[in-house]
Amino acid sequence: MFPTYEDHIALWTNELKTWVPERIFDAHVHLGPPGIVSPITADRRKQALSTFMHMRWEELNDCYQHVYAGKHIVGLIAFPFPQREVDLDLSNDYLIELMKGNSRITGFLASHPTAVNQSIATYRKAVKNGVCFRGVKPYADRLGKSNFDARMEEFIPDKLLQFMNSEGLAMMLHTSGIGVGAPETRQFLCATAECYPRIPILLAHMGRYIEPDHFFQFLDEGLLEACPSLYLEMSSASSREVYERVLARRSLWKRLIFGSDMPFGLITGVERWSKDQGAIFLTRDDYPWSDATMNARYAAERKQLTYNTYHCIKALKDAVAGLGLSVGDANELKQAIFCTNAQNLFLTRKI
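Just so you know, these numbers come straight off a predicted model, no measurement behind them.

**Section: the packing of helix α9 (residues 212-220) against helix α11 (residues 240-247)**
Between two packed helices, both the angle of their axes relative to each other and the distance between the axes serve to describe the pair.
So, step 1. Two elements in contact, α9 and α11, have axes separated by 10 Å at closest approach and are oriented at 10°. Between α9 and α11, the crossing angle belongs to the class labelled roughly parallel. The residues of α11 that touch α9, namely those facing P212, F215, F216, L219 and D220, are E241, V242, R245 and V246.

Here it is, written out as structure tokens:
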């Protein structure tokens, strides 16, 4: 199921290992057993979303020991796999059982896009079992349509937001459409932050953007400064320019959070835009969804690729270097991004 670990270009060994802090809080992890996944069609296999659909806790631990060798994973935000083929109730139940025996896991429940009462019942079921979900992971694929065709109001109904706000639950948000580059996305974020201020919104993959300019439009609009409940989670985002623009605003240093998107962080490549297939990855390895034309065009670059999570860290590292900080300030910034920013989200939240 999972690739045998290989530091393909020695990026971790030669560069990242000594730079990354000793303590890591991973804010974006998928967990779930293989037995709760329905058969996957050939067409679905052609989507990067279908690369992984299960990962047990034991498998994640083994992955951590290799991918972030020498580091201590002090905590993580975990939620079920979001695909429509994954049984929603059983995936949430699996996480409940994990939380009962592991205080490092901050669990987010996978929400039902149209049956809010079902999601509320799952939350209360966890409480009866002596644990508490600290957030919610909504996802457009459960509507049975493409993420690019969905609107966030469709899979994040007001009734769910009202419940989350009443309980002070965070949201890991994979934006729909073209992400934060779309005016409707920014309008949704602004309205949600204003109406439901007790919901910290973690924008997965830096809010998602097709190209960096889309992210810059979002950043320059000032929404992050205006809405203190918005946070940026960095999995999949491997553009140095994006981190440079964020870190240039010191007020945002406390709202940038490390996440791996495991096991998707093991995809050997970086995000690109394909004329034929849209948002995709340029990868070292061949996947069922790979764009052959793109791979041929960038054959030389493919040889310089490794795990996506490494490329995201590398982009951040280069951006931090460009700030010209003292060693002490740089270490403080790294500690914030890789650990304390995420931890601080939950320190004052009662279970």
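**Some words on the pairing of strand β3 (residues 105-110)**
So, step 1. Counted residue by residue, β3 has six buried out of six residues, so it is predominantly covered.
So, step 2. Neither face of β3 is open: one carries I105, G107 and L109, the other T106, F108 and A110, and all of them are buried.
So, step 3. Bridge count between β3 and strand β4 (residues 135-137): three bridges; the pairing is parallel. By the bridge assignment for β4, L109 is matched with V136.
So, step 4. Handedness of the crossover joining β3 and β4 through helix α5 (residues 116-128): right-handed.

**Examining the nonpolar core**
So, step 1. Y68, L189, M206, F215, Y243 and L316 are the most contacted members of the largest nonpolar core, which totals 101 residues.
So, step 2. Here this core takes seven residues from helix α14 (residues 308-321), the largest share from any one element.
So, step 3. In contact with M206, not counting residues within four places along its chain, are V180, F215, L232, E233, M234, A237, V242, Y243, V246 and L256.

**A word on a nonpolar patch on the surface**
So, step 1. A cluster of nonpolar side chains, F148, I178 and W273, forms an exposed patch at the surface whose accessible area comes to about 290 Å².
So, step 2. Among the structural elements, F148 can be located in the loop between β4 and α6 (152-155).

**A word on the packing of aromatic side chains**
So, step 1. Under the definition given, this model contains 19 aromatic pairs.
So, step 2. Both rings, one in W19 and one in F338, keep their centres 6.0 Å apart while their planes meet at 80°; by these two values the pair is edge-to-face. With W19 in helix α1 (residues 11-19) and F338 in helix α15 (residues 327-346), this pair connects stretches of sequence that are 319 residues apart. When sorted by exposure, W19 lands in the same class as F338, which is buried.

**So, the layout of surface pockets**
So, step 1. Its boundaries defined by the atoms lining it, the largest pocket holds a volume of some 1,100 Å³.
So, step 2. Looking at the largest pocket, it is lined by 42 residues, and the ones nearest its centre are F148, E271, A279, I280 and F281.
So, step 3. Looking at the lining of the largest pocket residue by residue, the class counts come to 17 nonpolar, 13 polar and twelve charged.

**Description of empty space enclosed by the protein**
So, step 1. Scanning the model with the defined rule gives one cavity of 30 Å³ or more in all.
So, step 2. The calculated volume of the largest cavity comes to roughly 30 Å³.
So, step 3. Contributing to the lining of the largest cavity are L109, S119, I120, Y123, V136, L160, F163 and L169.
So, step 4. If you list the elements that add at least two residues to the lining of the largest cavity, you get α5 and α7 (158-167).
So, step 5. For the lining of the largest cavity, the per-class residue count stands at seven nonpolar, one polar and no charged.

**Overview of the side chain of H214**
So, step 1. Examined against the element boundaries, H214 turns out to sit in helix α9.
So, step 2. A relative accessible area of 15% places H214 in the buried class.
So, step 3. Not counting residues within four places of it along the chain, the set of residues in contact with H214 comprises I178, V180, G181 and Y209.

**Some words on the packing of helix α4 (residues 88-101) against α5**
So, step 1. Orientation of α4 relative to α5, taken along the N-to-C sense of each, is 25°, at an axis distance of 10 Å. Comparing the axis directions of α4 and α5 gives the class roughly parallel. Classified by chirality, the crossing of α5 by α4 is right-handed. Of α5, the residues touching α4 (which contributes L88, D89, N92, D93 and I96) are Q118, T122, K125 and A126.

Basis of the calculations
Residues numbered from 1 in each chain as written. Predicted model: local features only at pLDDT ≥ 70, side-chain atom pairs only at ≥ 80, totals over all residues. Heavy atoms only, no water. Axes fitted to C-alpha atoms, helices over the stretch in contact; angles between N-to-C directions. Helix = DSSP H or I, 4+ residues; strand = E, 2+ residues; numbered from the N terminus. Parallel < 35°, antiparallel > 145°, perpendicular 65-115°, else oblique. Contact = heavy atoms within 4.5 Å. Buried < 20%, exposed > 50% of the residue type's maximum accessible area, 1.4 Å probe, protein only. Pairing = 2+ DSSP bridges. Right-handed = clockwise from strand over helix to strand, strands pointing away. Core = buried A, V, L, I, M, F, W, Y, C linked by side-chain atoms within 4.5 Å. Patch = residues over 30% accessible without salt bridge, like charges linked within 9 Å, V, L, I, M, F, W, Y side chains within 5 Å. Areas by Shrake-Rupley, 256 points an atom, 1.4 Å probe, with all protein chains shown as cover. Salt bridge = Lys/Arg side-chain N within 4 Å of Asp/Glu carboxyl O. Phe/Tyr/Trp six-rings, centres within 6.5 Å; stacked < 30°, edge-to-face > 60°. 1 Å grid on protein atoms, 1.4 Å probe; cavity = no way out; pocket = protein on both sides within 12 Å on 5 of 7 lines; lining within 4 Å. Points joined across faces, edges and corners; volume = space filled by probe spheres on them. Nonpolar A, V, L, I, M, F, W, Y, C, P; charged D, E, K, R; others polar. Left-handed = near helix turned anticlockwise from the far one by under 90°.

So, to be careful, I would describe these as geometric facts and stop short of saying anything about function.
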